[in-house]
Structures are given as structure tokens and as C-alpha cells.
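Topology and contacts: notes
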Amino acid sequence: MEGGSPPQGWENLPPELLRRVVQQLCEDWYHFEPCRPVHSLLPVRATCRSWRAVVDADIKHVAMTVSPLSPDYLPRHFPAVTSLDLSRYQRSCQEVFPVMQNMRLRSLVLADPLDRPASIPTQYLLQLTHLSFLAEGLLMDGIAAQFCQALRQLTLLQELHLNRLQLSTQAAQQLAQVFIGLPNLQALALSGGAAVVRPEELYMLFSVDLPQLRSLELTRLGIRTLPPSLTRLVGLTRLTFGGEMLRIVQLTDELRHLTNLQVLDISANLSEQLPDGVLELTSLRELHAGMNRIGVHMHSLTKLEQLEVMVLASNKLVAVHPSLWSLTGLKRLDLGHNNLSDLPANVSQLTQVTVSRETPFSGSGSLEQAA
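Residues numbered from 1 in each chain as written. Predicted model: local features only at pLDDT ≥ 70, side-chain atom pairs only at ≥ 80, totals over all residues. Heavy atoms only, no water.

1. Focus: the overall build of the protein chain
Going by this rule: Secondary structure is summarised from DSSP: a helix means a run of H or I of at least four residues, a strand means a run of E of at least two, and numbering begins at the N terminus for each. The classification of residues rests on relative accessible area computed with a 1.4 Å probe and restricted to protein chains. Under 20% of the type maximum is buried, over 50% is exposed, and intermediate values are partly exposed. Note on contacts: a residue pair is in contact if any heavy atoms of the two residues lie within 4.5 Å. Where accessible areas are quoted, they stem from the Shrake-Rupley method and a 1.4 Å probe; at the residue level, only the protein chains shown are allowed to cover.
A tally of regular secondary structure across the protein chain gives 9 helices and 14 strands. Every one of the 371 residues in the protein chain was classed for burial, and the buried ones make up 45%. A sequence separation of at least 24 residues applies to 47% of the contacts in the protein chain between residues at least 6 apart. As displayed, the protein chain offers around 18,300 Å² of accessible surface, 52% of which is attributable to carbon and sulfur atoms.

2. What about the pattern of salt bridges?
Basically, it comes down to this: A pairing counts as a salt bridge when a side-chain nitrogen of Lys or Arg comes within 4 Å of a carboxyl oxygen of Asp or Glu.
Applying the stated rule across the entire model yields 7 salt bridges. Bridged by salt links that share partners, the residues Arg198, Glu200 and Glu201 form one connected network.

3. Regarding the sheet that holds strand β5 (residues 159-165)
Our working definition: In short, DSSP must find at least two bridges between two strands for them to pair. Note on geometry: axes are lines fitted to C-alpha atoms, helical ones only across the stretch in contact, with angles between N-to-C directions running from 0 to 180 degrees.
Taking strand neighbours across the sheet as the criterion, the 12 strands line up as β1-β2-β3-β4-β5-β6-β7-β8-β9-β10-β12-β14 in an open arrangement whose pairing is parallel. Pairing within the sheet leaves two strands with one partner each, and these edge strands are β1 (61-63) and β14 (332-334). Taking each pair of neighbouring strands and ignoring which way they run, the sheet shows an average axis angle of 5°. As paired elements, strand β9 (residues 263-265) and strand β10 (residues 286-288) share 3 bridges and run parallel to each other. Among the inter-strand pairings, aspartate 265 is bridged to a residue of β10, identified as histidine 288.

4. Side note on helix α7 (residues 169-180)
Cut-off, in case you're wondering: Between the first and last residue of a helix there are one fewer steps than residues, each counted as 1.5 Å, and that sum is the expected span.
With 12 residues, α7 extends 17 Å between its outermost C-alpha atoms, agreeing within 8% with the 16 Å of an ideal straight helix rising 1.5 Å per residue. On its buried face, α7 sits against α6 (141-152), β5, β6 (187-192) and α8 (199-205).

5. Quick notes on the pairing of strand β8 (residues 238-242)
Most of β8 sits inside the fold, with 4 of its 5 residues counted as buried. Pairing geometry for strand β7 (residues 215-219) and β8, over 5 bridges, is parallel. Bridge pairing in β8 places serine 215 opposite arginine 238. Inspection of the sheet shows β8 paired to β9 by 3 bridges, in the parallel sense. Note that in β9 the partner of arginine 238 across the bridge is valine 263.

Structure follows, in C-alpha cells:
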């Protein structure tokens, strides 16, 4: 029915009226099902060409898997699109690149190992603020140089994801210099693949000053400790370092220098203790340290006065420091799947804490009952 003529009664209605109906439906559905407003519109879109045009005109994100029917297909049918995901595109992404000259993309996801960085149409992507790129080819210096050259032109870039990262020493040096030249870069996410990123390469990558960087995510890189040069990133408010489940990670006290950190996620590292430096981060609001091997935590938490979320689930805790119960600002505390046998009476001081029933407490009591 999508390809046929509009049924009698719809074709004479002004598009703006149909658009207002769609907007009201979105608002109503969002109230009851916030995560699926777009999926709820699919039956409306399939009604006829008139409804399809109205729905498509407001779509801002498209994930392509097959070739477009014509070079102007995307901008003609989805004029509001600013985000394009080609991570599951079944052919070379180069087929889609010519289409980008008629679009104003803000976000782009590329994940085709056959596409060399030199082919990225940066001349059409000068407004890009978010880029995700499959970076396993950066191990080859020639490809790394091409990628860095392309990246330098994206001066509005705010968020960069490099997936399946592999680096050479020269590539690390080049990337570090590119980061300096991206004045708007606020979020950087590096995730590993089959090859291990060597500590000296990671050290070199962060051996430059990046005062504008606010968020850093390092996952599955195959490293056992954070590079000391990370302490130069004094503007960080969010740091994620996790997924090193095949290695026992040793976290150092140098994290204390990241005084602006508000969110720290060191989950899934098989770490055996929380470093003292973490407990001196007075601006910290969230601490996620689940899925480690922390056995006994007997260090004072009194400096974490701003802490609202603390996750220590799936460790080997047999005891926690009594100062934990004095953190009256806590709104979420997860101690599930540990070896704690009981909770003290003064847990009742945590009057704002909420506990999810999906994460059971392995003991004779529960925070929900005690609080």
C-alpha cells in the first residue's frame, strides 16, 4: 500500500495538519512508552504515501543496510536527517558518500574495514560533531596518516569514538597532535579489538594537554593500568575504564589528580581494591566498581560527600568501612552479589537510598528493609 496512491480522503489534507497529528501522537505515546515513539509510528507510516512523507520529514537518524535507490534518496525522503549510521551497511560505505553532499550531517558512524580514511568525504562533513570509526587499520602508518589528515578538517568535532583500536607508536603521536587541533573535542571513546594496545602507545596518546576534554572512555584495550599521562586531563568530569576481564587491573592513586571527576566507572576489571586516590575525589557523584574482586574495603569514604550513586555489586566484599553509612546524599547503593552477611543498624541513616529488586543482596537483610 506504501507504493500506491493515497486513499481517498487523505490526499487533500494539508501536510501541516497531518504533521500536527503525528506530533500529538508522539507526545501521547512518549508519555506511556518513552523508549519506542518511533516504532509506534511505523503503522501510521505504512498507511499511505501522505502519512509516510509526514513521518519521514521529521526523522533525524537513519541506519542504512542497503544501497539508496538514487543519490538524492536520503535528502529527498528524510530532509531532517542529521545522523547517519553505516555500521551495518552491507557494501562499501563509499557508495553512500556522494549522497552526503546534499545533507547536513552532525553525526556519522562508519564501520567498514574496506574503506580507507582517505576516502572519507570531509568536504561534506564540516558540520560534523560526532564521529565513530573502525580504527583497526591505524596500526598501519599510511592509513593512520590519512585518517589524521581527514580528522584535522573536522574542527567542530565534539565526540570521537575509535572502535577496535590498534595503534603504532607513530600513529599515537599523530593522533595526539590531531587532538590538540580539535578545539571542541569534549568526549573521546577508545575500545579495543583483537590486538592489545601497548601502554607506551596509550601514554603517548595522552601526553598532550587537552583542557577541553570532559569525558574519556577506555574499554577492552588489553591494559592493566591507566597511563600516568592521564593525570594531565584535569578537565575530565567522566572517566570509564573497564572491560579488562582477562587481566587483573592495578589502579594507582594518581587518579586523585583528576579533581573535577564527577563520574568514575571502573567496572569489570578484576581489580582487588579501590585505590586510595579514588576516595579523595571530592567532586565525585557516581562511583561504579562492580564486577571486580574487591574483598575488604576498609578505607574511609568521608571525603566523598557529593556521592549519589555507588555500585559495588558482584565483588567479594565481606565488610565495608563504617563511614559508608554516613554518606547521607546517597540515592543509589548496590552491594548485591557479595559475601556480606548482614548490615549494621545505622544503615537507616541513608534515608534517600533506593534499591532495585533486580539486584538481590546476598545476606540475611536488605537495604530496602533496613532503610
